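Take a look at the letters that make up each chain.
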Amino acid sequence: REQLQRLQSSIPPLEQRDNELAKLIESALLEVRRMVPKHEALAQDHDNLKSCLAEADGRLRGAAEQIEELMSGQDGVLTRLDRFQEGLNEVEKHVSTVVESRL
């Protein structure tokens, strides 16, 4: 009887603890349900960002190639500047020669 009374007296605290745990589990489930859409939105944002970065990287590579083409080659800017400098040097020599001949 004594043992039965002890067991019966422990039932209400165990039931109360069981109810508290059930509430905690329910609260955790609600929180997880709220987090799932946020997680999915963040995952989508991450995918979009990766896509944008890949597109930007491709554009930058294309721009770098175009700049390289403009700067080098037969009709490139650097080649044209070299030719222009050579022309200026020739003009300077000619002007110098003309000035010296008149003196």
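Let me sum up the structure you'll find in this document. By convention here, each chain's residues receive numbers from 1 onward along its written sequence. A pLDDT threshold of at least 70 governs which residues receive local features in this predicted model, and a stricter bar of 80 or more applies before side-chain atom pairs are shown or counted, although totals over entire chains, interfaces and linings include all residues. Think of the side-chain values as coming from all heavy atoms in the structure, minus any hydrogens and water.

**Re the overall build of the chain**
Only DSSP runs of H or I with at least four residues qualify as helices, and only runs of E with at least two residues qualify as strands; both kinds are numbered from the N terminus onward. Looking only at helices and strands, the chain has two helices and zero strands in total. Based on C-alpha atoms, the radius of gyration is set beside the globule rule, defined as 2.2 Å times the residue count to the power 0.38. The C-alpha radius of gyration computed for the chain amounts to 41 Å, which surpasses the reference 13 Å derived for 103 residues by more than 25%, pointing to a less compact arrangement than a globule. Counting only C-alpha atoms, the chain reaches 135 × 25 × 20 Å along its principal axes. Accessible area is worked out with a 1.4 Å probe on protein chains only. A residue is then buried under 20% of its type maximum, exposed over 50%, and partly exposed in between. A burial count over the chain gives 1% of its 103 residues as buried. Element-wise, carbon and sulfur atoms account for 57% of the exposed surface of the chain, whose accessible area totals about 9900 Å². Surface accessibility in these figures is a Shrake-Rupley result with a 1.4 Å probe; residues are shielded only by whichever protein chains are displayed.

**A look at the pattern of salt bridges**
Oppositely charged side chains can form a pair if their charged atoms are brought close together. Salt bridges are defined by distance alone: a side-chain nitrogen of Lys or Arg within 4 Å of a carboxyl oxygen of Asp or Glu. Under the criterion given, the structure shown has four salt bridges. Between Arg 61 and Asp 57 there is a salt bridge, with the nearest N and O atoms lying 2.9 Å from each other. Of the two residues, Arg 61 and Asp 57 both sit in helix α1 (residues 2–71), four residues apart, roughly one turn of that helix.

**Side note on a nonpolar patch on the surface**
For patches, a residue must show more than 30% relative accessible area and have no salt bridge; joins then use 9 Å for like charges and 5 Å for nonpolar side chains, namely Val, Leu, Ile, Met, Phe, Trp and Tyr. On the surface, Ile 67, Leu 70, Met 71, Val 77, Leu 78 and Leu 81 cluster together into a nonpolar patch covering about 540 Å² of accessible area. Every element with two or more residues in the nonpolar patch is listed here: α1 and α2 (77–102). For Leu 78, the location among the structural elements is in helix α2. We classify Leu 78 as partly exposed; its relative accessible area is 44%.

**A few points about α1**
Take the number of residues in a helix, subtract one, and multiply by 1.5 Å to get its expected span. Between its first and last C-alpha atoms α1 spans 99 Å; for 70 residues at 1.5 Å apiece the expected length is 104 Å, and the two agree. For α1, the principal kink sits at Ile 11 and spans about 25°; a proline, Pro 12, occurs within the next four residues. Two axes define the bend at a residue: one fitted to the seven residues ending there, one fitted to the seven starting there, and the bend is the angle between them.

**So, the environment of Arg 83**
Its place among the elements puts Arg 83 in helix α2. Here the alpha-carbon distance between Arg 83 and Leu 103, two residues 20 residues apart in the chain, equals 30 Å.

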